[in-house]
Amino acid sequence: MPRCTFCGEDIEKGTGKMFVHNSGKLDYFCTNRCEKNLFKLHRSPLQTRWTKKYALEHGRSGKNKL
Ligand SMILES: [Zn+2]
């Protein structure tokens, strides 16, 4: 199962979007919002509060390290 390139969420089969770069690299997006944030807004998922990557980076996944 692919994960969203931007936010890190698992993408269910039949949903989301795959983007193929000229280089052959693949990007997956769970929503248009993720695609827009990466390509148009050039945001880092680690600095975008609603992403799973942000939650993991900042210890909000419920598994806080002491
Ligand atoms: Zn996403």
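Up top is the structure.
Residues numbered from 1 in each chain as written. Predicted model: local features only at pLDDT ≥ 70, side-chain atom pairs only at ≥ 80, totals over all residues.

Colleague: Would you mind showing me how to read the overall build of the chain here?
Modeller: Looking only at helices and strands, the chain features 2 helices and 2 strands. Walking the chain from its N terminus toward its C terminus, one meets helices and strands in the order β-β-α-α. Taken over 66 residues, the chain has a buried fraction of 17%. Sequence-distant contacts in the chain: of pairs separated by 6 or more residues, those separated by 24 or more amount to 38%. (Helix = DSSP H or I, 4+ residues; strand = E, 2+ residues; numbered from the N terminus. Buried ≥ 20, exposed ≤ 12 C-beta atoms within 10 Å, placed from the backbone. Contact = placed C-beta atoms within 7 Å.)

Colleague: Sorry, what's going on with the pairing of strand β2 (residues 26-29) here?
Modeller: In summary, the side chains of a regular strand alternate between the two faces of the sheet. One ladder, built from 4 bridges, connects strand β1 (residues 17-20) with β2; its direction is antiparallel. Bridging from a neighbouring strand, M18 pairs with Y28 of β2. Adjacent in sequence and paired antiparallel, β1 and β2 are bridged by 5 residues, among which G24 carries a positive phi angle near 95 degrees. (Pairing = 2+ DSSP bridges.)

Colleague: Explanation requested: unusual backbone geometry in the structure shown.
Modeller: Backbone phi values are negative for most residues with the exception of glycine, while trans is the configuration of most peptide bonds. A positive phi angle is found at H42, which is not glycine, with a value near 50 degrees. You can see H42 is positioned in the loop between α1 (32-39) and α2 (52-57). A tally of 7 C-beta atoms within 10 Å means that H42 is categorised as exposed.

Don't take any of this as a statement about function, it's just geometry.
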